[in-house]
Amino acid sequence: MKRILTIQDISCVGKCSLTVALPIISAFGIETSVLPTAVLSTHTAFNGFTFQDLTANLTSITKHWKEQSIDFDAIYSGYLGSFEQLKIVSNIFNDFKTDKNFILVDPVMGDNGKLYSGFNQEFTDSMAQLCSHADIIVPNLTEACFMLHEQYIPHGYDEDFIKRILKSLTSLGAKKAVLTGVTFDGVNLGVYGYDSEKDEYFSYFKEKLPESFHGTGDVFASALCGALTRGKSLKDALTIAVDFTVESIKHTLENQDRNWYGVDFETALPQLIKSINK
């Protein structure tokens, strides 16, 4: 059985980060190993959440893995909250990277032209350095523009702009880059990817749904990592991940008793499993 290591925080309530990554990757028939960077009572959209930083534990955990000769078919990092965590995760990449596995970085830092609380340009520059160790990176347009020191354009951009951003992202060091949340017409929303080794672009769009929800980026990245680990091409993996994310949102919209803090990805898992085995 293949094994993925995912490195990110865990919210005890709230559908994001590890509480999303673990079940979705497991649905691919892949063993999911976790390295929690912090434990939160809820995700940060709740008021008064508690937070326990686990940075001090990360190195001792991975040292034990090395002693036990544990390896991984893929390493996937999500939200990282400090410069120290970026440094530690960079060391983890160096320690566990092999010729047979790949590293996926989701540089979670902001959206809609703004960085999340606590982040600044210096942090995005350090995240760009972490991305140089990855094989594939999956920023949204906000994160990409901050890492590249590009002006953020919320709408009205064209394919040439997106392609230039993607090429610039791969110049950071990753072989493949995917931009999420791309739309050219405001009606269809999707992803645009670039494989620098093949000099090939990929795009996949679905009709934009009327509402957005917390944690859908984590749903997408987890499904993408799982599909790639199962041997799917980047193009096919993007299709699987986008379809699953959209279905998760649709299931949520159909649920009159839905929770506000995330999507009902659980009820979309049977469809995901079917797509994997096609």
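Now for a look at the structure at hand. What you are looking at is a predicted structure, and each value in this text was computed from that prediction instead of being measured.

Packed helices, taken two at a time, are described by their axes: the angle between them and the distance between them. One can describe the packing of helix 3 (residues 83-96) onto helix 4 (residues 121-131) by two numbers: an axis separation of 10 Å at closest approach and a directional angle of 5 degrees. Our classification of the angle between helix 3 and helix 4 gives roughly parallel. Residues Phe 83, Leu 86, Val 89, Ser 90 and Phe 93 of helix 3 touch helix 4, and the partners they reach there are Glu 122, Phe 123, Ser 126, Met 127 and Leu 130. Residues of the contact of helix 3 with helix 4, tallied by class, amount to seven nonpolar, two polar and one charged.

Residues Ala 74 and Tyr 76 line one face of strand 4 (residues 74-77) and the alternating positions Ile 75 and Ser 77 line the opposite face, and both faces are buried. Judged from the four bridges that link them, strand 1 (residues 3-13) and strand 4 form a sheet pairing that is parallel. If you follow Thr 6 over to strand 4, its bridge partner there is Tyr 76. The sheet contact formed by strand 4 and strand 5 (residues 102-105) spans four bridges and is parallel. Within strand 5, the position partnered with Ile 75 by the bridge is Ile 103.

Here the focus is the pattern of salt bridges. One pass over the full model with this rule turns up twelve salt bridges. Among the ionic pairs, Arg 3 bridges to Asp 71, the shortest N-O distance being 3.5 Å. Linking Arg 3 in strand 1 with Asp 71 in the loop between helix 2 (55-67) and strand 4, this pair joins segments that are 68 residues apart in sequence. In this structure, a network of salt bridges that share partners links the residues Arg 3, Glu 31 and Asp 71.

Our next topic: the nonpolar core. Of all hydrophobic cores here, the largest spans 43 residues; its most connected members are Ile 7, Val 105, Met 127, Ile 162, Leu 169 and Leu 179. By residue number, the principal contributor to this core is helix 3, which donates six residues. Sequence-distant contacts of Ile 162, defined by excluding residues within four places in its chain, comprise Leu 141, Tyr 157, Leu 179, Val 182, Phe 184 and Tyr 192. With 41 residues, the next largest nonpolar core counts Ala 74, Tyr 76, Leu 228 and Ile 240 among its residues.

Of note, Thr 6 is situated in strand 1. Within polar-contact distance, the side chain of Thr 6 engages the side chain of Gln 8 at 2.7 Å. Reaching out from Thr 6, the side chain makes a polar contact with the backbone oxygen of Tyr 76 at a distance of 3.4 Å. Thr 6 has contacts with Leu 18, Ala 21, Thr 32, Ser 33, Val 34, Leu 35 and Tyr 76, leaving out every residue within four places of it along the chain.

Cut-offs and rules
Residues numbered from 1 in each chain as written. Predicted model: local features only at pLDDT ≥ 70, side-chain atom pairs only at ≥ 80, totals over all residues. Heavy atoms only, no water. Axes fitted to C-alpha atoms, helices over the stretch in contact; angles between N-to-C directions. Helix = DSSP H or I, 4+ residues; strand = E, 2+ residues; numbered from the N terminus. Parallel < 35°, antiparallel > 145°, perpendicular 65-115°, else oblique. Contact = heavy atoms within 4.5 Å. Nonpolar A, V, L, I, M, F, W, Y, C, P; charged D, E, K, R; others polar. Buried < 20%, exposed > 50% of the residue type's maximum accessible area, 1.4 Å probe, protein only. Pairing = 2+ DSSP bridges. Salt bridge = Lys/Arg side-chain N within 4 Å of Asp/Glu carboxyl O. Core = buried A, V, L, I, M, F, W, Y, C linked by side-chain atoms within 4.5 Å. Polar contact = N/O pair within 3.5 Å; in protein donor to acceptor, adjacent residues only side chain to side chain.

Just geometry here; none of it tells us what the structure is for.
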